[in-house]
Amino acid sequence: MGKVKVKKYERAIIDLMQKYRFSAENDEAHIIADSLNHHYQVLRTGWTDENTYHLWVKIHFQIKPNDKIWILENRTEDDVAEALIKRGVDKADIVLGFLPAYARPYSDYAVA
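Within each chain, residues carry numbers counting from 1 in the order of the written sequence. The model is predicted, so local features are restricted to residues of pLDDT at least 70 and side-chain atom pairs to those at 80 or more, both for listing and for counting; the totals for chains, interfaces and linings are taken over all residues. Hydrogens and water molecules were not included; the side-chain quantities draw on all heavy atoms of the structure.

### Observations regarding the overall build of the protein
- Of the regular secondary structure elements, the protein holds two helices and five strands.
- By definition, any uninterrupted DSSP run of H or I lasting at least four residues is a helix, any uninterrupted run of E lasting at least two residues is a strand, and each is numbered from the N terminus. The order of helices and strands in the protein, counted from the N terminus, is α-β-β-β-β-α-β.
- Projected onto its principal axes, the C-alpha positions of the protein cover 45 × 30 × 25 Å.
- Going through the 112 residues of the protein one by one, you find that 41% of them count as buried.
- Counted over contacts in the protein with a minimum sequence separation of 6, partners at least 24 positions apart contribute 38%.
- When the accessible surface of the protein is split by element, carbon and sulfur atoms take 52% of a total near 6700 Å².
- Across the protein, the mean location of the 16 positive side-chain charges is 8 Å away from that of the 17 negative side-chain charges. Using a 1.4 Å probe on the protein chains alone, a residue whose accessible area is under 20% of its type maximum counts as buried, one over 50% counts as exposed, and one in between counts as partly exposed. In this description, contact between two residues means that some pair of their heavy atoms is separated by no more than 4.5 Å. Residue burial considers only the protein chains on display, and all accessible areas are found by Shrake-Rupley using a 1.4 Å probe. A positive count includes Lys and Arg, and a negative count includes Asp and Glu. His and the chain ends are not counted in either. The location of each charge is read from NZ of Lys, CZ of Arg, CG of Asp or CD of Glu.

And the structure:
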């Protein structure tokens with residue numbers, strides 16, 4: 001991995017994730033940044049009602065060994081790939097990993 005590129009991409013991802021850090025009355029956001037294995041997540045936890053606890057991944061990114069950012073989950077209404085581009089990430093280094101491999105060539109982003 002190119003250390004300079006990975007650090008730049010990591011900063012862009014963490015900066016973007018800050019947007020989703022808000023918490024509500026019965027819901028809390030958690031930012032998970034694993035710089036060793038290059039996984040980055042925003043988790044939401046809380047109580048739907050007094051008997052129902054929830055935990056889900058709102059966003060999950062991974063920087064793969066080829067320096068590409070894989071968007072593995074995006075449960076937001078936002079185009080997080082475009083948000084990364086605005087933060088300096090090269091479009092050719094973004095893979096929509098939540099799409100099946102056969103659909104990625106039609107995404108305008110990298111395929112792998």
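Anyway, onward from the coordinates.
### Quick look at the packing of aromatic side chains
- Side-chain rings of Phe, Tyr and Trp, where Trp is taken by its six-membered ring, are said to pair if the distance between their centres is within 6.5 Å; with planes under 30 degrees apart they count as stacked, over 60 as edge-to-face, and otherwise as tilted. On inspection of all chains with the given rule, the structure shows one aromatic pair.
- Working rule: Lys NZ or Arg CZ, within 6 Å of ring centre, within 35 degrees of ring normal, means a charge sits over the ring. Positioned over the ring face of Phe22 is Arg44, at 4.6 Å from the centre of the ring.
- Its guanidinium or amino end placed over the ring of Tyr109, Lys91 lies 5.2 Å from that ring's centre, counting from NZ or CZ.

### A closer look at helix α1 (residues 3-18)
- Taking 1.5 Å of rise per residue, the 16 residues of α1 would be expected to cover 22 Å, and the 23 Å separating its terminal C-alpha atoms lies within 8% of that figure.
- Taken residue by residue, α1 has Val6, Tyr9, Glu10, Ala12, Ile13, Leu16 and Met17 as its buried positions. All buried residues of α1 lie within an arc of 160° about the axis, which places them on one face of the element. Exposed and facing more than 90 degrees away from the buried side of α1 are Lys3, Val4 and Arg11. Expected helix span is given by 1.5 Å per residue-to-residue step, counting one fewer step than there are residues. As used here, the arc belongs to the directions running from the helix axis to the C-beta atoms.

### Some remarks on the nonpolar core
- Throughout this description, the term nonpolar core refers to a set of buried Ala, Val, Leu, Ile, Met, Phe, Trp, Tyr and Cys residues connected via side-chain atoms within 4.5 Å. Formed by 22 residues in total, the largest nonpolar core has its most connected members in Ile13, Phe61, Ile69, Ile71, Leu84 and Ile94.
- With sequence-adjacent residues up to four places away left out, Ile71 is seen in contact with His60, Phe61, Val80, Ala81, Leu84, Ile94, Val95, Leu96, Gly97 and Phe98.

### Regarding the environment of Asn51
- Mapped onto the elements of the fold, Asn51 is located in the loop between β2 (39-49) and β3 (52-63).
- Given the relative accessible area of 63%, Asn51 is considered exposed.
- In this structure, the C-alpha to C-alpha distance between Asn51 and Tyr9, residues 42 residues apart in sequence, is 40 Å.

### Notes on the pairing of β3
- Strand pairing is assigned whenever DSSP detects at least two bridges linking the two strands. Relative to β3, β2 runs antiparallel, the two sharing 10 bridges. When the sheet's bridge partners are listed, Val42 is paired in β3 with Ile59.
- Hairpin connection between β2 and β3: a loop of two residues separates the two successive antiparallel strands.
- Strand direction decides the pairing type here: β3 and strand β4 (residues 69-74), joined by five bridges, are antiparallel. Bridging from a neighbouring strand, His60 pairs with Glu73 of β4.
- Where β3 folds back onto β4 in an antiparallel hairpin, the turn is made up of five residues, including Asp67, whose phi is positive at roughly 70°.

### Comments concerning the pairing of β4
- Two elements, β4 and strand β5 (residues 94-95), share two bridges in a ladder whose sense is parallel. Of the residues in β5, the one forming a bridge with Ile69 is Ile94.
- For crossovers, right-handed means that the path from the first strand over the helix to the second runs clockwise, given strands pointing away from the viewer. For the segment spanning β4, helix α2 (residues 80-86) and β5, crossover handedness is right-handed.

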